[in-house]
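One letter stands for each residue in the lines below.
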Amino acid sequence: MDDIRVDQALAEVTSALHQHHDVTGFLADLIEVCQRALAVDATGIMVLSRSGRLQLLAASTHRSTELELYQSQIDEGPCVDAAADDVSVILAEEAALRERWPRFGPAMVEAGFRSVHSMPLRWEGAPLGAMALFRHRAVALDGREDQAARAFADVVVHAVMDDELPGSSATQDRIDAALAGRVLIEQAKGVMARHRGVGMGDAYDLLIERATASGRTLTEAAAELVAQAQRGELDPA
């Protein structure tokens, strides 16, 4: 791991944290920076909803999105364990993956991943969820990479809880607001996929390009696209 590269990446996202007004868009950028710095292939962030179950907040690829949603559905996997036990979960062998998670392990291998590093997200000592880093290779993060991953996870927490008001209800309100942004992004991805005739992964890239070109946040661009689709105003692909 290049320590200078990681330090620069953390400085980049920390600086952006103080300027962001769009949690969903900020997390999308953070995931991209984190993956480059730590040489991982996919990332997923899950948070605890009011029901007490983990819900997908952000993911870097369509495959990691499906994996995280599957975790939530079956209540089994690295984020589930990291959040419940408040410890990092590190596995880098196919046999170990299948043994620990009889349902999630095979799904993860089928998706092309051979190692995972998941760490809990905490706010004022209470669990908020977990962040998972996936690699195609069966190579675990080393000690320095683990420290860097924890630093990225701390930035995730501060992004979600920014401007949080005292009281547990306010904490959940911030989580709900972040989750609402993720749902909007998924709706916009579906609109883009149908409009352009592309897969969901490519649809997400096109949505980011649309936001960048228009100077809008990712959430604003998603809201505009969904509204245009509802009004039948989308131009032909």
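Anything mentioned here points back to the structure above.
Everything quoted here is computed from the prediction, not taken from an experiment. (Residues numbered from 1 in each chain as written. Predicted model: local features only at pLDDT ≥ 70, side-chain atom pairs only at ≥ 80, totals over all residues. Heavy atoms only, no water.)

(A) How the structure looks around the overall build of the protein chain. Across its full length, the protein chain carries 10 helices and 5 strands. Computed over the C-alpha atoms, the radius of gyration of the protein chain is 17 Å, within 12% of the 18 Å expected from 2.2 N^0.38 for a compact globule of 237 residues. Counting only C-alpha atoms and orienting by the principal axes, one finds that the protein chain spans roughly 50 × 40 × 40 Å. Counting all 237 residues of the protein chain, 49% fall into the buried class. Taking the average location of the 22 positive side-chain charges in the protein chain and that of its 37 negative ones, the two points are 4 Å from each other. (Helix = DSSP H or I, 4+ residues; strand = E, 2+ residues; numbered from the N terminus. Rg over C-alpha atoms; globule rule 2.2 N^0.38 Å. Buried < 20%, exposed > 50% of the residue type's maximum accessible area, 1.4 Å probe, protein only. Lys, Arg positive; Asp, Glu negative; His and termini not counted. Charge placed at Lys NZ, Arg CZ, Asp CG, Glu CD.)

(B) Examining the packing of helix α2 (residues 23-38) against helix α7 (residues 143-161) more closely. One way to put it is that α2 packs onto α7 with a least axis distance of 10 Å and a crossing angle of 175°. Classified by the angle between their axes, α2 and α7 sit roughly antiparallel to one another. Contact residues: α2 offers V23, F26, L27, L30, V33, C34, A37 and L38, while α7 offers E145, A148, A149, F152, V155, V156, A159 and V160. Of the residues assigned to the contact of α2 with α7, the class counts are 15 nonpolar, no polar and 1 charged. (Axes fitted to C-alpha atoms, helices over the stretch in contact; angles between N-to-C directions. Parallel < 35°, antiparallel > 145°, perpendicular 65-115°, else oblique. Contact = heavy atoms within 4.5 Å. Nonpolar A, V, L, I, M, F, W, Y, C, P; charged D, E, K, R; others polar.)

(C) Focus on the pattern of salt bridges. Scanning all chains against the criterion turns up 14 salt bridges. Linking R114 and E94 is a salt bridge whose minimum nitrogen-to-oxygen distance equals 3.6 Å. On the criterion of sequence distance, the pair formed by R114 in the loop between α6 (104-110) and β4 (115-123) and E94 in helix α5 (residues 94-100) is long-range, its members being 20 residues apart. Using a relative accessible area of 27% as the deciding quantity, one classes R114 as partly exposed. Through salt bridges with shared partners, one network takes in R50, D173 and D176. (Salt bridge = Lys/Arg side-chain N within 4 Å of Asp/Glu carboxyl O.)

(D) Geometry of the nonpolar core. In this structure, L27, L38, I45, M131, L133 and F152 are the most contacted members of the largest nonpolar core, which totals 38 residues. The element best represented in this core is α7, accounting for 10 residues. If sequence neighbours within four positions are ignored, L133 has contacts with C34, L38, V40, A42, T43, S115, V116, H117, M119, L141 and A149. Core analysis: the second largest hydrophobic core is formed by 22 residues, I74, V80, A82 and V116 among them. (Core = buried A, V, L, I, M, F, W, Y, C linked by side-chain atoms within 4.5 Å.)

(E) Representation of the sheet that holds strand β5 (residues 126-135) in the model. The 5 strands lie next to each other as β2-β1-β5-β4-β3, forming an open sheet whose pairing is antiparallel. Where the open sheet ends on each side, the last strands, each with one partner, are β2 (54-59) and β3 (89-91). Recorded for the sheet is a direction-independent mean angle of 20° between the axes of neighbouring strands. Taken together, the 6 bridges between strand β1 (residues 42-48) and β5 define a ladder with antiparallel strand orientation. The partner of G44 across the bridge, within β5, is A132. Helix α4 (residues 78-85) contacts β1, β2, β3, β4 and β5 of the sheet and is inclined by roughly 145° relative to β5. Contacting β1, β2, β4 and β5, α7 runs over the sheet at an angle of about 45° to β4. (Pairing = 2+ DSSP bridges.)

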